[in-house]
Amino acid sequence: MGTSDRVLRYLGSTRNIVGSVLALLGLAAHFLGLAGAFWPVVVAASYGVGALLAPPDRVRLTISHAEVETAGLRADLDALLRRIDRRFPGDVHTAVDALAEVIRGVLGRAEQLASSPDQLHVVSQTIRSYLPASLEAYANLPRGYALTRRADRERSAHEELLAQLALLDAQLRKVADALHRGDEQALRDQGRFLRDRFGGSDLDLD
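Reading the values: the criteria
Residues numbered from 1 in each chain as written. Predicted model: local features only at pLDDT ≥ 70, side-chain atom pairs only at ≥ 80, totals over all residues. Heavy atoms only, no water. Core = buried A, V, L, I, M, F, W, Y, C linked by side-chain atoms within 4.5 Å. Buried < 20%, exposed > 50% of the residue type's maximum accessible area, 1.4 Å probe, protein only. Helix = DSSP H or I, 4+ residues; strand = E, 2+ residues; numbered from the N terminus. Contact = heavy atoms within 4.5 Å. Axes fitted to C-alpha atoms, helices over the stretch in contact; angles between N-to-C directions. Parallel < 35°, antiparallel > 145°, perpendicular 65-115°, else oblique. Nonpolar A, V, L, I, M, F, W, Y, C, P; charged D, E, K, R; others polar. Salt bridge = Lys/Arg side-chain N within 4 Å of Asp/Glu carboxyl O.

1. Thoughts on the nonpolar core
Here's step 1: Residues Ile103, Val123 and Leu135 are the most contacted members of the largest nonpolar core, which totals 29 residues.
Here's step 2: Looking at this core, the elements with two or more residues in it are α4 (65–83), α5 (90–107), α7 (117–139) and α9 (157–198).
Here's step 3: At 8 residues, α5 tops the list of elements feeding residues into this core.
Here's step 4: Ignoring any residue separated from it by four or fewer positions in sequence, one finds Leu135 in contact with Ile84, Phe88, Val92, Val96 and Leu161.

Following this line, the structure appears as structure tokens:
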């Protein structure tokens, strides 16, 4: 495990969270005039006490159903990207890469995604049906034909593909926003718990 991974894991650990909460309480004591001139020591000591007394994070060796499902979707996405490598114009690859980045971010939230069947269905169908179907239909057209706008159509096949990719991108961003709103609500719920447990806080999100 690299240094950056260890740092990120510690930042999300129970020890860091508890230590940070107690450090914030020490900082609040300073603003209330209770910590005196040695408030930096109080804040640092509060963090240290919290980090030392906090229970260690539980070790998880089992793989959840959500992780299995998203791992399969991630593998299918990577396989699709390998198959289309250098087969399309640059602007199509740019749009597909941007969409893939959004999808990877969503797949990184396995548990949250699996808890919402509708959102999981959208992601799954995008990877395994919608995106491949759009790209395949375009790839089967002669390049010159795809780039030429027909007299009876408002846009060329190339423009149609880009429009479809934009629609998929917009939909997946809605899924990502929904997951973020869920995390924000969890943060608010945690804030209410801490305020009930320890009193008021300058970090009130309401």
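2. Some words on the environment of Val102
Here's step 1: Position of Val102 among the secondary structure elements: in helix α5.
Here's step 2: Distance in space between the C-alpha atoms of Val102 and Asp169 is 7.6 Å, their sequence separation being 67 residues.
Here's step 3: If we skip the residues at most four places from it in the chain, Val102 touches Asp169, Leu172 and Arg173.

3. Concerning the packing of α5 against α7
Here's step 1: The geometry of α5 relative to α7 is characterised by a closest axis approach of 12 Å and an angle of 170 degrees between their N-to-C directions. The orientation of α5 with respect to α7, classified from their angle, is roughly antiparallel. Contact residues: Val92, Val96, Leu99, Ile103, Val106 and Leu107 in α5; Val123, Thr126, Ile127, Leu131 and Leu135 in α7.
Here's step 2: Residues of the contact of α5 with α7, tallied by class, amount to 10 nonpolar, 1 polar and no charged.

4. Comments concerning the pattern of salt bridges
Here's step 1: Under the counting rule described, the total for this entry stands at 6 salt bridges.
Here's step 2: As a salt-bridge pair, Asp78 and Arg104 come within 3.4 Å of each other at their nearest N and O atoms. Taken together, the residues span a long stretch of sequence, with Asp78 in helix α4 and Arg104 in helix α5 at a distance of 26 residues.
Here's step 3: For Arg86, the salt bridge identified is with Asp85, shortest N-O distance 2.8 Å.
Here's step 4: Judged by its relative accessible area of 71%, Arg86 is exposed.

5. Quick notes on the side chain of Ser156
Here's step 1: Within the secondary structure, Ser156 sits in the loop between α8 (143–147) and α9.
Here's step 2: Each residue touching Ser156, except ones within four places of it in the same chain, is listed here: Ala146, Leu147, Thr148 and Arg149.

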